[in-house]
Amino acid sequence: MSEPDPLIRQLREQISDNDRAIVEAINTRLKLVAQLKSYKESRGLSFVDPEREEWMLSYLTRANRGPLSAEGLQEIFSEILDLTKREVRRTDAES
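Everything numeric here is computed off the predicted structure, so don't read it as measured data. (Residues numbered from 1 in each chain as written. Predicted model: local features only at pLDDT ≥ 70, side-chain atom pairs only at ≥ 80, totals over all residues. Heavy atoms only, no water.)

This next bit is on the side chain of K40. Mapping K40 onto the fold places it in helix α1 (residues 6-42). Engagement of the side chain of K40 in a polar contact is seen with the backbone oxygen of S46, the distance being 3.0 Å. Contacts of K40, omitting those with residues within four sequence positions, involve L45, S46, F47 and D49. (Helix = DSSP H or I, 4+ residues; strand = E, 2+ residues; numbered from the N terminus. Polar contact = N/O pair within 3.5 Å; in protein donor to acceptor, adjacent residues only side chain to side chain. Contact = heavy atoms within 4.5 Å.)

Have a look at this one:
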């Protein structure tokens with residue numbers, strides 16, 4: 001399915017590139033969190049840190065320059081945190 005309009009094609013290519021970067025960033029985040037979880041567990045520390053999560057959401061909300069709304073940011077990062085916990089548990093179960 002070839003798009004004849006060059007601007008639409010260019011914007012779609014940029015969106016696809018951005019989507020790939022998002023997937024790569026999430027995969028990197030998952031790897032880092034898995035390392036953190038392993039390290040914390042080896043020292044008898046709890047994996048989940050609600051204070052850190054709250055700090056992170058506050059920090060990102062302050063750093064956000066839009067057009068993503070504060071509500072949208074909270075929503076997406078709440079889902080990323082939930083997804084991260086599920087994925088790390090899934091990886092642990094497969095190990």
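This part covers unusual backbone geometry. Residue P67 is bonded to the preceding G66 through a cis peptide linkage, with omega at 20°. By the element assignment, P67 lies in the loop between α2 (50-63) and α3 (70-94).

With that settled, consider the pattern of salt bridges. Tallied over the full model, the rule gives 5 salt bridges. Where R86 meets E79, a salt bridge forms, and the shortest distance between an N and an O atom there is 3.1 Å. (Salt bridge = Lys/Arg side-chain N within 4 Å of Asp/Glu carboxyl O.)

This part covers the packing of aromatic side chains. Counted under the stated rule, the structure contains 1 aromatic pair. Note on W55 and Y59: the rings are 5.0 Å apart at their centroids and 5° apart in plane angle, and the pair reads as stacked. In this pair, W55 and Y59 are both assigned in helix α2, 4 residues apart and thus about one turn of the helix distant. Above the face of the F47 ring, K37 is positioned so that its terminal group lies 5.6 Å from the ring centre. (Phe/Tyr/Trp six-rings, centres within 6.5 Å; stacked < 30°, edge-to-face > 60°. Lys NZ or Arg CZ within 6 Å of the ring centre and 35° of its normal.)

Everything listed here is a matter of geometry and, on its own, says nothing about what the molecule does.
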